[in-house]
Amino acid sequence: MKTVNLLTNILFFLFPFSLSFGQSITIPIETENVAAVLKTDEDNRLKIIYFGKSLSNTNEYELTGEAFNFQSDGASSNNSAYAVAGIDNNYIEPAISVVHVDGNNSLDLLYESHTTARTNDGAILTTVTLKDPVYPFFVDLYYKAWKDKDVIEQWSVIRHTEKGNVVLNKYASANLYLNNKDYYLISYNGSWAKEMQPVETYLRQGMHTIESRLGTRANLLTSPNFMLTLDGKTTETSGTVMMGQIAWNGNFSLQFETDIYKNLHIVAGINPYQSAYHLGPNTPFETPRFIYTLSFEGKGKGSRNLQGWLRDHTLLDGQGDRLTLLNNWEATYFDFDQDKLVGLFGGAKELGVDMFLLDDGWFANKYPRSGDTAGLGDWEVNRKKLPDGVPFLIHEAEKEGVKFGIWIEPEMVNPKSELYEKHPDWVIKEEKRPEIYFRNQLVLDLANPEVQDFVFEVVDDLFIENPTLAFMKWDCNAPIFNGHSRYLERKKIPQSHLFVAYSKGLQSVLERIRAKYPTVPMMLCSGGGGRSDYNLLKYFTEFWLSDNTDPLERVFMQWNYSYYYPAIAMCNHVTDWSKDKSLKYRIDVASMGKLGFDIRANELSEQDMRFAQQTVLNYNDFKEIIWHGEMYRLANPYENDLASLMYVNEQKTEGVMFNYLTNWRYLAETSLRPILLQGLDKGKTYRLTEINLYDGASTPVDHQKVYSGEYLMNVGFNPSVNSNRTSVVIKIESVE
Ligand code: DGJ
């Protein structure tokens, strides 16, 4: 068999290639440090022959498969680039499973052609077309490689020209095959106020699935993020680790199947649960992106890859600024009126934050939104609470020099609402069964274009009425239960399209909003942290991690989120959730992201207000480093009695280090040893100064002393955390 080498000099042009009989083709997908290598076999099926470190001699990629010897029954198909169901040489979990128009439920996919090109946004995109030898059925596999970030996005487009609908019973974005032998998977459990709880599983045999079936707030019980330690222990600075996410704002599935050789087959995509998709001819179906990085230098590098990629290429305005804010949710809940709100604006001004955010409870008249049981869906201002409307509030806030933002939850409806009375057919519910509520509400049917228009108009009307509205918090509290769409029924579209149609309907509304309002910052919130997928973050500038704002819990939660998200995207608010922790501890923790307050600022003592003002000034001073610098996790609170993290600017001239006591035991070991800093320039000299000191508190940190970067990264620095110094913030500056 002849081998064709396509490996070099192809990256800058569109490079189309198709196969003539008897040739084998090697297609490397490469970043700076990572390579996934695809190769056709003797039957022209596409295989993954290598997933690991990139090679400098690209000619050697075609040999990589030869180093392994997994030849017996089954194994030869386990490494399919896109595993199929229904042909006899495949025993592994399929990425795709279909029923053709004639009722045949087998699929075979052979290599047909591929192209490689540089995209406008600077990535290298490889597209491989596979085709069934019997049916006019195609799958295009996409691999978008970001060289300097070591991030790869993988997805598929499924299409056919059969004479009728092909039923897709499974239609994953991607599959991969790893030959590493030992896999520790970290995935994340959760529920309200307990989001992002890590669980480690040693994968040895069979299938391990991470999935969501909630429809809307898909990540409430399980995050779409995962981390795989390959071949032994991984630390922040050592070991091989794969980290990523299936980027879908709907039901997702991540499957990890370990075979007889201890190889790992990963299938990622939309969860096929209740979602058979009837695909018409010439209507390509694009699947969501499976996004991952592989780091050979531990989790720290892996997360900086993902954070940088998200900031530069996905998150809306990832390079821009953010607004600090005062939110009234925990300060008032539903109990407010115009005077009370105006009274809070002064507090925002005094604190020195940029904006006041009006939360839930400002709307609905027939069924006023004075609790969570009524009014959702009726987006006119409540005239009793706010007689002069939103424009007046904005005017009053602006008089104080404070911008104004507003909360909405436009995908939802309370049964006790005018919207529900007028449009019962806009609501997702199984009419033959009792309605099931989550926080007393139901989900609107975003499969229906009329509902999409309605949701768009909720946003549009607010901006038309209030052109200086500076911010929106977009909430989403209920999952889909008893999913049935009257719209799909009318259109004779199978109900099994609902979950996908909902997710796509939401995206199309957000596309319209961003076409008209491209830059207004919006927070993605979902009854806490039920939504944080990279797909929706294209439309949002930030997200709400959890309603749990206890700062000790937050140290752990923010730690876990930080593996996958940059600090600029993470909204952290200072609240009274846990008053046993000092105001200082609460503000310091909230400063590691996008700082906000959710307190009755006007009731702070003079001393507390003075301190809070100082911390906001300090935050303004270092926020650029937090938002756009590199983050390093230094001491893990799961392994130590304290947590320590730092952020450094690109030039390595400025940084800020945060340290927290996480164990209040007398025997806690929090200051025995120094903490090794990271990310500094070993040749530079640095001064360390403690900031955010409460009301003249003294510090053991001598800011007259200077240290080399080499010293700080090898010997370390002791922030002297103890039960009297539970939270310590250190400013790091290079000195000439
Ligand atoms: C849930 C959110 O997570 C909270 O921050 C708040 O906005 C409430 N909803 C309002 O109902």
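Residues numbered from 1 in each chain as written. Predicted model: local features only at pLDDT ≥ 70, side-chain atom pairs only at ≥ 80, totals over all residues. Heavy atoms only, no water.

### Topic: the layout of surface pockets
Right, so step 1: By volume, the largest pocket amounts to about 900 Å³.
Right, so step 2: What lines the largest pocket is a set of 35 residues, and nearest its centre among them are Thr 235, Glu 236, Asn 636, Glu 639 and Asn 640.
Right, so step 3: Every element with two or more residues in the lining of the largest pocket is listed here: β12 (183–189), β13 (197–203), β15 (225–230), α10 (551–562) and β32 (630–635).
Right, so step 4: Grouping the amino acids of the lining of the largest pocket by side-chain chemistry returns 15 nonpolar, 11 polar and nine charged. (1 Å grid on protein atoms, 1.4 Å probe; cavity = no way out; pocket = protein on both sides within 12 Å on 5 of 7 lines; lining within 4 Å. Points joined across faces, edges and corners; volume = space filled by probe spheres on them. Helix = DSSP H or I, 4+ residues; strand = E, 2+ residues; numbered from the N terminus. Nonpolar A, V, L, I, M, F, W, Y, C, P; charged D, E, K, R; others polar.)

### A short note on the site of the ligand
Right, so step 1: In the vicinity of the ligand there are 13 residues, among which Asp 359, Asp 360, Lys 473, Asp 475 and Asp 547 approach most closely.
Right, so step 2: Asp 475 places a polar side-chain atom, nitrogen or oxygen, 2.6 Å from a nitrogen atom of the ligand.
Right, so step 3: For the ligand, whose free accessible area comes to 290 Å², the fraction covered by protein is 98%. (Near = heavy atom within 4 Å. Polar contact = N/O pair within 3.5 Å; in protein donor to acceptor, adjacent residues only side chain to side chain. Areas by Shrake-Rupley, 256 points an atom, 1.4 Å probe, with all protein chains shown as cover.)

### Regarding helix α9 (residues 498–516)
Right, so step 1: When the terminal C-alpha atoms of α9 are compared, their 27 Å separation across 19 residues agrees well with the 27 Å that a helix rising 1.5 Å per residue should span.
Right, so step 2: Looking at α9, one finds that the buried residues are Leu 498, Phe 499, Val 500, Tyr 502, Ser 503, Gly 505, Leu 506, Gln 507, Val 509, Leu 510, Ile 513 and Arg 514. (Expected span 1.5 Å × (residues − 1). Buried < 20%, exposed > 50% of the residue type's maximum accessible area, 1.4 Å probe, protein only.)

### Looking at helix α5 (residues 389–399)
Right, so step 1: Within α5 the residues assigned to the buried category are Gly 389, Val 390, Leu 393, Ile 394, Glu 396 and Ala 397.
Right, so step 2: Once α5 finishes, Gly 401 follows within two positions and takes phi at roughly 80°, a positive value.

### A look at the packing of aromatic side chains
Right, so step 1: If you walk through the whole model with that rule in mind, you get 41 aromatic pairs.
Right, so step 2: Summarising the aromatic geometry, the rings of Phe 543 and Tyr 565 are spaced 4.7 Å apart at their centres and angled 55° between planes, so their arrangement reads as tilted. Here Phe 543 is found in strand β29 (residues 542–544), whereas its partner Tyr 565 is found in the loop between α10 and β30 (570–575), with 22 residues between them in sequence.
Right, so step 3: Taking relative accessible area as the criterion, Phe 543 reaches 0% and is therefore assigned buried.
Right, so step 4: Arg 554 extends its terminal NZ or CZ atom over the ring of Trp 544, reaching a point 5.2 Å from the ring centre. (Phe/Tyr/Trp six-rings, centres within 6.5 Å; stacked < 30°, edge-to-face > 60°. Lys NZ or Arg CZ within 6 Å of the ring centre and 35° of its normal.)

### Digging into empty space enclosed by the protein
Right, so step 1: Tallying each qualifying case throughout the model produces seven cavities of 30 Å³ or more.
Right, so step 2: The volume enclosed by the largest cavity comes to roughly 130 Å³.
Right, so step 3: Arg 45, Ser 80, Tyr 82, Val 84 and Leu 109 are, among the 14 residues lining the largest cavity, the residues nearest its centre.
Right, so step 4: Of the residues that constitute the lining of the largest cavity, the class distribution is seven nonpolar, four polar and three charged.

### Overview of the nonpolar core
Right, so step 1: In this structure, Leu 358, Trp 362, Phe 404, Trp 474, Tyr 534, Tyr 564 and Phe 597 are the most contacted members of the largest nonpolar core, which totals 129 residues.
Right, so step 2: With nine residues, helix α12 (residues 606–628) is the single largest residue contributor to this core. (Core = buried A, V, L, I, M, F, W, Y, C linked by side-chain atoms within 4.5 Å.)

### Overview of the confidence of the model for the chain
Right, so step 1: The predicted model of the chain averages 95 in pLDDT, with 96% of residues at 70 or higher.
Right, so step 2: Low pLDDT, under 50, characterises residues 1–15; the stretch is placed with 41 contacts to residues that sit more than four places away or in other chains. (pLDDT = per-residue confidence, 0-100. Contact = heavy atoms within 4.5 Å.)

### With respect to the sheet that holds strand β28 (residues 522–524)
Right, so step 1: Around the barrel, which closes on itself, the eight strands sit in the order β22-β23-β24-β27-β28-β29-β30-β31 with parallel pairing between neighbours. Each strand of the sheet is rotated relative to its neighbour by a mean of 30°, with strand direction disregarded.
Right, so step 2: Sheet analysis places strand β22 (residues 325–327) next to strand β31 (residues 594–598), joined by two bridges and oriented parallel. By the bridge assignment, Leu 326 is partnered in β31 with Phe 597. (Pairing = 2+ DSSP bridges. Axes fitted to C-alpha atoms, helices over the stretch in contact; angles between N-to-C directions.)

### Details of unusual backbone geometry
Right, so step 1: One non-glycine residue, Asp 150, adopts positive backbone phi at about 55°.
Right, so step 2: Residue placement: Asp 150 occurs in the loop between β9 (137–146) and β10 (151–160).
Right, so step 3: Owing to a relative accessible area of 2%, Asp 150 belongs among the buried residues under this scheme.
Right, so step 4: Positive phi values are uncommon outside glycine, yet Lys 181 reaches one of about 90°.
Right, so step 5: Its place among the elements puts Lys 181 in the loop between β11 (166–178) and β12.

### Details of the side chain of Asn 249
Right, so step 1: Looking at the element boundaries, Asn 249 is found in the loop between β16 (240–247) and β17 (252–258).
Right, so step 2: Looking at Asn 249, its side chain comes within polar contact range of the side chain of Gln 507, at 3.3 Å.
Right, so step 3: Not counting chain neighbours up to four residues away, the residues in contact with Asn 249 comprise Gly 215, Ser 503, Leu 506, Gln 507, Asp 533, Asn 535 and Leu 536.

### Here we look at the pattern of salt bridges
Right, so step 1: Tallied over the entire structure, the rule returns 43 salt bridges.
Right, so step 2: The shortest N-O distance in the salt bridge between Glu 411 and Arg 531 comes to 2.7 Å. In this pair, Glu 411 is assigned in the loop between β24 (403–408) and β25 (412–413) and Arg 531 in the loop between β28 and β29, connecting sequence segments 120 residues apart.
Right, so step 3: The buried category is assigned to Glu 411, whose relative accessible area is 0%. (Salt bridge = Lys/Arg side-chain N within 4 Å of Asp/Glu carboxyl O.)

### Remarks on the packing of helix α4 (residues 338–351) against α5
Right, so step 1: Their axes nearest at 9 Å, the elements α4 and α5 cross at an angle of 25°. Compared by their axis directions, α4 and α5 come out roughly parallel. Here α4 and α5 pass one another in a crossing that is right-handed. For the pair α4 and α5, contact is made by Gln 338, Leu 341, Val 342 and Phe 345 and by Gly 389, Phe 392, Leu 393, Glu 396 and Ala 397, respectively. (Parallel < 35°, antiparallel > 145°, perpendicular 65-115°, else oblique. Left-handed = near helix turned anticlockwise from the far one by under 90°.)

### Focus: the packing of helix α11 (residues 583–590) against α12
Right, so step 1: Running from N to C, α11 and α12 point in directions that differ by 20°, and their axes come no closer than 11 Å. Taken together, the axis directions place α11 and α12 in an arrangement best described as roughly parallel. With respect to the hand of their crossing, α11 and α12 are arranged in right-handed fashion. Side by side, α11 and α12 meet where Leu 583, Lys 584 and Ile 587 of the first sit next to Asp 608, Phe 611, Ala 612 and Thr 615 of the second.

### Let's talk about the sheet that holds strand β36 (residues 706–708)
Right, so step 1: Spatially, the six strands line up as an open sheet ordered β32-β33-β34-β37-β35-β36, and their pairing is antiparallel. Edge positions in the sheet fall to β32 and β36, since each has one partner strand and no second. Put simply, the sheet's adjacent strands are angled 25° from each other on average, direction ignored.
Right, so step 2: Here β32 runs beside strand β33 (residues 642–648); their pairing, made up of five bridges, is antiparallel. Across the sheet, the residue bridging to Arg 633 is Leu 645, located in β33.
Right, so step 3: The sheet strands contacting α12 are β32, β33, β34 (654–661), β35 (685–691) and β37 (727–735), and the helix crosses β34 at an angle near 100°.

### Describing the pairing of strand β8 (residues 124–131)
Right, so step 1: Within β8, six of the eight residues are buried, leaving the element largely enclosed by the surrounding structure.
Right, so step 2: Judged from the eight bridges that link them, strand β7 (residues 110–118) and β8 form a sheet pairing that is antiparallel. Looking at the pairing, Thr 116 lines up with Thr 126 of β8.
Right, so step 3: Count of turn residues in the β7/β8 antiparallel hairpin: five residues, of which Gly 122 carries a positive phi of about 95°.
Right, so step 4: Taking the residues between adjacent antiparallel strands as the criterion, β8 and β9 are bridged by five residues.

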